Amino acid sequence: MNDVKVPDLRPFKDFLGESARFQAPTFNDLIRWNNRVVNNLIYYQSNYFLTAIVVFLIVGCLHPIQMILGLGSVAAAFAGFIYLSENKRQVRRFKQDHTFLCVLAILAVGYFIVYIFGSLLVFLWGVALPLAVIFIHASLRLRNIKNKYSSTAESFGLKRTPMGVLLTALGQEQEVRS
């Protein structure tokens, strides 16, 4: 990770302004569409990270309490999952020894989920909306010469970026190289 470099923000004029060209992708050619999205994700990654943070903060400012509750409940769910996956034997023994407490815990967690459901939706909206905006932009934005050059340099390993590392971890390395 030491050799990963965060690229500069692309100018607004190039990202959304007057020099930006947009066109609907050809939906019947999924490989070409996928290449456009992956290459735009690599080229505009700093702009996309900034966009995601801004949209997430806007949703958080509109509904701060729900966002905090939603974030806390998602964090608690992950923590519970990790704890239960690492301590299976102890949890199984506790369930056998304290059946009534386990039933009460299940009911309490069920009530908590119903109570927090609105906050979870706000939090998920705060995560999903930036991803949707980024995907729509990456799908519609036509590539330019700088974009093609930058993607080629990334694919040959001349420079590594956070988005390149993320796409490789998600199994998109073949598409990045094409």
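Now for a quick tour of the structure. Remember, predicted model here, so these are calculated numbers, not experimental data.

## What to know about helix H2 (residues 30–43)
- Helix length check: H2 (14 residues) gives 20 Å between terminal C-alpha atoms against 20 Å at 1.5 Å per residue, within 8%.
- By the criterion of burial, H2 is predominantly enclosed, with ten of the 14 residues buried.
- For H2, the full list of buried residues reads Trp33, Asn35, Arg36, Val37, Val38, Asn39, Asn40, Leu41, Ile42 and Tyr43.

## Details of the packing of H2 against helix H6 (residues 99–140)
- Where H2 meets H6, the axes come as close as 8 Å, and the angle between the chain directions of the two elements is 115 degrees. In terms of axis orientation, H2 runs roughly perpendicular to H6. Taken as a pair, H2 and H6 cross one another with a handedness that is right-handed. On H6, the residues touching Trp33, Arg36, Val37, Asn40 and Leu41 of H2 are Ile134, Phe135, Ala138, Ser139 and Leu140.
- Of the residues that constitute the contact of H2 with H6, the class distribution is seven nonpolar, two polar and one charged.

## Some details on the nonpolar core
- Of all hydrophobic cores here, the largest spans 13 residues; its most connected members are Leu41, Tyr48 and Leu167.
- Elements with a contribution of two residues or more to this core: H2, H6 and helix H8 (162–169).
- When residues of this core are assigned to their parent elements, the largest contribution, six residues, is made by H2.

## Re helix H4 (residues 64–86)
- The end-to-end C-alpha separation of H4 is 33 Å, in line with the 33 Å expected for 23 residues at 1.5 Å each.
- Buried residues of H4: Met67, Gly70 and Ser73, and no others.
- Looking at the buried positions of H4, the neighbouring elements they touch are helix H3 (45–62) and H6.

Conventions we followed
- Residues numbered from 1 in each chain as written.
- Predicted model: local features only at pLDDT ≥ 70, side-chain atom pairs only at ≥ 80, totals over all residues.
- Heavy atoms only, no water.
- Helix = DSSP H or I, 4+ residues; strand = E, 2+ residues; numbered from the N terminus.
- Expected span 1.5 Å × (residues − 1).
- Buried < 20%, exposed > 50% of the residue type's maximum accessible area, 1.4 Å probe, protein only.
- Axes fitted to C-alpha atoms, helices over the stretch in contact; angles between N-to-C directions.
- Parallel < 35°, antiparallel > 145°, perpendicular 65-115°, else oblique.
- Left-handed = near helix turned anticlockwise from the far one by under 90°.
- Contact = heavy atoms within 4.5 Å.
- Nonpolar A, V, L, I, M, F, W, Y, C, P; charged D, E, K, R; others polar.
- Core = buried A, V, L, I, M, F, W, Y, C linked by side-chain atoms within 4.5 Å.

Shape descriptors only; they carry no functional weight alone.
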